[in-house]
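Residue-level structure breakdown
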Number of protein chains: 6
Amino acid sequence: MKANRTLLDLFLEAQMLDRIPRSGYVLRGVANPESVTEHCWHVLFLVWTLGAKIEGIDLSRAVEIALVHDLAELRIGDLPRTSSHYFPEGAKKTAEAAAMADILAPLPERALALYAEYQQGTTPEARLVKACDKLQLMLKVAVYERWGTGALSEFWDNPDNFPDGGFPAVRELFEELRTRRNAAVRG
Amino acid sequence: MKANRTLLDLFLEAQMLDRIPRSGYVLRGVANPESVTEHCWHVLFLVWTLGAKIEGIDLSRAVEIALVHDLAELRIGDLPRTSSHYFPEGAKKTAEAAAMADILAPLPERALALYAEYQQGTTPEARLVKACDKLQLMLKVAVYERWGTGALSEFWDNPDNFPDGGFPAVRELFEELRTRRNAAVRG
Amino acid sequence: MKANRTLLDLFLEAQMLDRIPRSGYVLRGVANPESVTEHCWHVLFLVWTLGAKIEGIDLSRAVEIALVHDLAELRIGDLPRTSSHYFPEGAKKTAEAAAMADILAPLPERALALYAEYQQGTTPEARLVKACDKLQLMLKVAVYERWGTGALSEFWDNPDNFPDGGFPAVRELFEELRTRRNAAVRG
Amino acid sequence: MKANRTLLDLFLEAQMLDRIPRSGYVLRGVANPESVTEHCWHVLFLVWTLGAKIEGIDLSRAVEIALVHDLAELRIGDLPRTSSHYFPEGAKKTAEAAAMADILAPLPERALALYAEYQQGTTPEARLVKACDKLQLMLKVAVYERWGTGALSEFWDNPDNFPDGGFPAVRELFEELRTRRNAAVRG
Amino acid sequence: MKANRTLLDLFLEAQMLDRIPRSGYVLRGVANPESVTEHCWHVLFLVWTLGAKIEGIDLSRAVEIALVHDLAELRIGDLPRTSSHYFPEGAKKTAEAAAMADILAPLPERALALYAEYQQGTTPEARLVKACDKLQLMLKVAVYERWGTGALSEFWDNPDNFPDGGFPAVRELFEELRTRRNAAVRG
Amino acid sequence: MKANRTLLDLFLEAQMLDRIPRSGYVLRGVANPESVTEHCWHVLFLVWTLGAKIEGIDLSRAVEIALVHDLAELRIGDLPRTSSHYFPEGAKKTAEAAAMADILAPLPERALALYAEYQQGTTPEARLVKACDKLQLMLKVAVYERWGTGALSEFWDNPDNFPDGGFPAVRELFEELRTRRNAAVRG
């Protein structure tokens, strides 16, 4: 859609990302929930901080992957998790890739390749971004719980929310976070 | 998902519909945009009011179709229009039907049949609900424009937003609304 | 006020119902509380679902009563409960009826008769709407409590919030809801 | 209601005033509209500033009248203007006085006398508060219009919104405000 | 800045105070937190109520001090407490005084003198306002805690939040509030 | 403050950045204004996109500078521009550097050096981030204006908002944005 989009079109469209709230929080009653943009910044910050401590990570490329990893939501929205039960296997992934091809059209092809790398999730850099995507989720869940807002305890019971990507530095943070949270809950 | 859901489960889940904002407004900067629940109530009110004036409409069934017509968004979310470019043809419709089968499981089968009738859109009752679904959209757009909030003028240029379902009573309202809006814009 | 109001005037005015938050939640600190429109939709859904299970209910008329039952708030607002201590006995009821006569002027007289039936509350259909009006209240209170938002426990202690209208199907839902809520509170 | 209320009860209840939005703005689409508390502070500031310039005003008492003038809304709510068409003549005024008697019970009787003086509106101090109550309204309307939010132009056409209480200092401000606003609208 | 500001400029600028949320609540997750204007009104109400019970207080001047005490935030903002660790000793106080000189320029010099009295905090009237500034803080904290919103327990552990200004009437309220809060927390 | 802060402390504190709204928008009536986090992400995206097109830029370091450039607001807040008139020359800059030293304590020293480079603003990378900081501001202003929300036209008249850092790629975007905006305003 919209052939001949320019960089300026892209920059303006990207501002809309601020208005898309993260649906997992919305549906569990969090007031003023995080936007997709906010999630993206925190993932970036985690990738940059943790990636610097992990040998063998191309930090610069990891940061770039994090930068693009959620942009498809500009066209697809932030679908609730339950939606995956109803779309055909892989339909969302394919839709996201197609949306990204349109969104990133004004950028060099390399940008789209970064997104493909993220979707495949096989390089250490892609695995780190995927791990930090969830680490950020659980950091925010811990913050919202401390604030007393939202019905979020089920997040702690879902193993999918704790991928360490094979990196001990990430695993330790997940463990430290869970320990701190459990101590707070026990009061 | 979640076998053995009871009526109470359904009633509690339905409350979440209030937290899903209509994405078309969100992405165009409307402050505190309408929820899906609010949209649903207004469509109901239009169907009931206009259906009573149209000969040959089974008003009671039309109201029932309106009551269920957007419930799938509880599981799928309110996808932005752009998403339809990226999912396979018909994927959203299929997903919505599947979601509805789960959502309405605690109700008699008749409820799901009402939704199928809406999706097919061939009966006069289904056509009326579809027309009122858009009439409500344009009523709200007119209100938001009067309030000076949101970049919504493109809605008036899209013929898809003005289906009359073959009913003169609906067509007249669309025309009256457009006339009034154009007068306001010209100031 | 405003003689010669048309259907379009009514439809546009009705959109304002979305901006009226339910005062009981507002005054108890609920964030982003339910609008009157949202309340109305859920009451409709309850009436439709439960009415279908109750013998002797004219389901179609019950739904219509639910559709109009709170429209007077467009002109009167959603007064807090405490206000009833300060207005003369019956003043609010009379004001609501007068407001409804103006609001519904563009509709056939039958619409106003539905509202009168609701206010009198003697037919089974009116009793069912009144019971569902409170059942919806307590469903939402349970949801807000689960989200950790609002100081709402007093609602469970007020017998006025649990009218079953003489219908076992409603009474059972109230009981199931209270049981579930008490289990959650005990943790 | 609630006999034996203490000062602490009153101070805690008064915090609720922050959650009551001014209904005139709510119903005209203003985003994040002013609370009753905010209105009250600005009226106070106007009364204090303008009262100091007007000979014969007991400034200290004028400020006290402003301090209590809208507290009844804690129990009655902020009724939309249209409501006055439907309640019996004087019913709202009587209800407010009764609510104030309960609200101010923990204070010396003098507090309630200040409110009675406001309602009668005959002393210069009461007239000044009433004038500033409207001056503040129009100041905020001007601000909201500059921000492009809300459908508020009708406020400028209603003479009831421009009472000067017989004070030239107030009249001049109304005129200066209107002049500035008209210049802005002509752009 | 902006020489020749008029009273009207001041009144319009003052409306902005409503949009400045109190940063202590913002950073602890309170939803829809109190604005600076709302804080100011409640402090005024406390000063007026408690000052009337304290011998030797010039109630009229105490109310005036409360009226101006936080206006500097119009130009400086509501800085979080942590900021004081990073600015030079006294820098904020000096900045506030300078901002007030500009803000209050359209008023007689007496207004600025009231603010200087507040900053020095040596007169009984200034001490009363400072005590009520904190009493209001803790009243709102108690309300937010009852609503289940925000991570605010640390406020109760900071002795700086409980200045009584040497007035038993204030000290008693602090104690009563803490007793009531502790009873609520223990459930 | 808070010696021995760990990485986890930093990550949790960083989540607060989402709750700090950009004060320039707040004070001009923008509804739901951008958070500091959202601003930061967009600046990053601009730096990454435009930096890749500019010869001689160390893109990886430019991105890192953008990542840390606004973190001091976690402790200082987002001060309104007017505040700079009242603090001593350089006080804010010194305070930000001191806050950053505390905030970034759990990271290697290199992180703080990146911030010092940003404050000095002499390297091409620092100049690019500073230019993109303003380019993002004007992109968002353009979006808010299109949405009809906020009184933002003065931003276009302030030359400080259009620094190109000596980079033609940035200058062209500023010009294209202004051209498009002016066309929209002329309607």
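Quick caveat, the model's predicted, so the values are computed rather than measured.

On to the overall build of chain A, then. Within chain A, the secondary structure is distributed over 9 helices and 0 strands. Counting from the amino terminus, helix and strand elements in chain A follow one another as α-α-α-α-α-α-α-α-α. Principal axes of the C-alpha set define a box for chain A whose edges measure 55 × 40 × 30 Å. Across the 187 residues in chain A, those meeting the buried criterion constitute 62%. When contacts within chain A are restricted to residue pairs at least 6 apart in sequence, those whose partners lie at least 24 apart make up 67%. Surface accessibility of chain A: about 7,100 Å² in total, with carbon and sulfur atoms responsible for 51%. Taken as two groups, the 22 positive and 26 negative side-chain charges of chain A have centres that lie 4 Å from each other.

Take helix α1 (residues 7-14) of chain D next. Counting buried positions along α1(D) gives 7 out of 8 residues, so the element sits mostly inside the fold. Considered for burial, the residues of α1(D) that qualify are Leu7(D), Leu8(D), Leu10(D), Phe11(D), Leu12(D), Glu13(D) and Ala14(D). Residues of α1(D) that are buried make contact with α5 (73-76) and α6 (91-103) of chain D together with α3 (36-51), α8 (124-146) and α9 (168-186) of chain E.

Taken as a whole and judged by the stated rule, the model has 0 disulfides over all chains. In this structure Cys132(A) is a free cysteine whose sulfur lies 13 Å from that of Cys40(A), the closest cysteine sulfur available.

Attention now moves to the interface of chain F and chain A. Across the boundary between the two partners, chain F contributes 50 residues, which contact 50 residues of chain A. Of the roughly 4,500 Å² buried between chain F and chain A on both sides combined, carbon and sulfur atoms contribute 73%. If you look at where chain F meets chain A, you find 4 salt bridges. A salt bridge links Asp18(A) to Lys140(F), with the nearest nitrogen and oxygen atoms 2.4 Å apart. The interface formed by chain F and chain A contains 18 residue pairs in polar contact (both at pLDDT 80 or more). Within the residue set of the side of chain F that touches chain A, elements represented by two or more residues are α1 (7-14), α3 (36-51), α4 (59-68), α7 (109-120), α8 (124-146) and α9 (168-186) of chain F.

Moving on: the environment of Ala105(B). Within the secondary structure, Ala105(B) sits in the loop between α6 (91-103) and α7 (110-120). Ala105(B) sits in the exposed class, given a relative accessible area of 53%.

The next point concerns the packing of helix α8 (residues 124-146) of chain C against helix α9 (residues 168-186) of chain C. A packed helix pair is summarised by two numbers, namely the angle formed by the two axes and the spacing between the axes. Residue and element names in this part refer to chain C. One can describe the packing of α8 onto α9 by two numbers: an axis separation of 11 Å at closest approach and a directional angle of 10°. Taken together, the axes of α8 and α9 lie roughly parallel to each other. For the pair α8 and α9, the sense of crossing is left-handed. On the side of α8, the interface is formed by Leu128, Ala131, Lys134, Leu135, Met138, Leu139, Ala142 and Glu145, while α9 contributes Val170, Leu173, Phe174, Leu177 and Arg181. When grouped by side-chain class, the residues that make up the contact of α8 with α9 number 10 nonpolar, no polar and 3 charged.

Between chain F and chain A, the superposition needs a rotation of 180° and an axial shift of 0.0 Å, giving an RMSD of 0.0 Å. A rotation of that kind, with that shift, is consistent with a two-fold axis.

With that out of the way, let us pick up the packing of α3(F) against α8(F). Residues and elements named next belong to chain F. It is at 9 Å that the axes of α3 and α8 come closest, and there the two elements cross at 120°. One element, α3, and the other, α8, form an angle in the oblique class. The interaxial crossing formed by α3 with α8 has right-handed handedness. Two secondary-structure elements touch here, α3 through His39, His42, Val43, Leu46, Val47, Leu50 and Gly51 and α8 through Leu128, Val129, Cys132, Asp133, Leu135, Gln136, Leu139 and Lys140.

The next point concerns α9(F). Spanning 19 residues, α9(F) covers 27 Å between terminal C-alpha atoms, matching the ideal 27 Å at 1.5 Å per step. Among all positions of α9(F), only Ala169(F), Val170(F), Leu173(F), Phe174(F), Leu177(F) and Arg181(F) are buried. An end-on view of α9(F) places all buried positions within 135° of arc, on one side of the element. Of the residues in α9(F), the exposed ones pointing more than 90 degrees away from the buried face are Glu172(F), Thr179(F) and Arg186(F). In the core, the buried residues of α9(F) are packed alongside α1 (7-14) of chain A together with α3 and α8 of chain F.

Taken together, the 9 residues of chain A in the interface contact 5 residues of chain C. For the pairing of chain A and chain C, the buried interface totals around 440 Å² over both sides, and the portion due to carbon and sulfur atoms is 52%. Inspection of the chain A/chain C interface yields 2 residue pairs in polar contact (both at pLDDT 80 or more). Residues of the side of chain A that touches chain C, tallied by class, amount to 3 nonpolar, 5 polar and 1 charged.

We now examine the pattern of salt bridges. Counted under the stated rule, the structure contains 96 salt bridges over all chains. In this structure, Asp102(F) and Arg75(F) form a salt bridge, with 4.0 Å as the shortest nitrogen-oxygen distance. With Asp102(F) in helix α6 (residues 91-103) and Arg75(F) in helix α5 (residues 73-76), the pair connects residues that are 27 residues apart, well separated along the chain. Taking relative accessible area as the criterion, Asp102(F) reaches 22% and is therefore assigned partly exposed. Salt bridges sharing common partners tie together Arg5(A), Glu13(A), Arg75(A) and Asp102(A).

Let us look at unusual backbone geometry. Residues other than glycine seldom take positive phi values, yet Asn32(D) does so here, at roughly 50°. Locating Asn32(D) in the fold gives a position in the loop between α2 (23-26) and α3 (36-51).

Okay, the relation of the copies chain A and chain C next. Two copies of a chain can be linked by a rotation about an axis combined with a shift along that same axis. With an axial shift of 0.0 Å and an RMSD of 0.0 Å, the rotation relating chain A to chain C amounts to 120°. What the superposition gives is, in effect, a three-fold axis relating one chain to the other.

Moving on, we get to the packing of aromatic side chains. Taken as a whole, this structure holds 51 aromatic pairs over all chains when the rule is applied. Aromatic side chains Phe45(A) and Phe11(F) sit 6.1 Å apart centroid to centroid with 90° between the ring planes, which places their arrangement in the edge-to-face category. Remark: Phe11(F) occurs in helix α1 and Phe45(A) occurs in helix α3 (residues 36-51); the pair is interchain, linking two chains. Like Phe45(A), the residue Phe11(F) is buried in the burial classification. The rings of Phe11(A), Trp41(F), Phe45(F) and Trp48(F) are connected pair by pair, giving a single aromatic cluster. Positioned above the aromatic ring of Tyr118(B) is the side chain of Lys130(B), whose terminal nitrogen or guanidinium carbon lies 4.3 Å from the ring centre.

Definitions and cut-offs
Residues numbered from 1 in each chain as written. Chains lettered and ligands numbered in written order. Predicted model: local features only at pLDDT ≥ 70, side-chain atom pairs only at ≥ 80, totals over all residues. Heavy atoms only, no water. Helix = DSSP H or I, 4+ residues; strand = E, 2+ residues; numbered from the N terminus. Buried < 20%, exposed > 50% of the residue type's maximum accessible area, 1.4 Å probe, protein only. Contact = heavy atoms within 4.5 Å. Areas by Shrake-Rupley, 256 points an atom, 1.4 Å probe, with all protein chains shown as cover. Lys, Arg positive; Asp, Glu negative; His and termini not counted. Charge placed at Lys NZ, Arg CZ, Asp CG, Glu CD. Disulfide = S-S within 2.5 Å. Buried area = accessible area lost by both parts, 1.4 Å probe. Salt bridge = Lys/Arg side-chain N within 4 Å of Asp/Glu carboxyl O. Polar contact = N/O pair within 3.5 Å; in protein donor to acceptor, adjacent residues only side chain to side chain. Axes fitted to C-alpha atoms, helices over the stretch in contact; angles between N-to-C directions. Parallel < 35°, antiparallel > 145°, perpendicular 65-115°, else oblique. Left-handed = near helix turned anticlockwise from the far one by under 90°. Nonpolar A, V, L, I, M, F, W, Y, C, P; charged D, E, K, R; others polar. Least-squares fit on C-alpha atoms with pLDDT ≥ 70 in both. Expected span 1.5 Å × (residues − 1). Arc of directions from axis to C-beta. Phe/Tyr/Trp six-rings, centres within 6.5 Å; stacked < 30°, edge-to-face > 60°. Lys NZ or Arg CZ within 6 Å of the ring centre and 35° of its normal.

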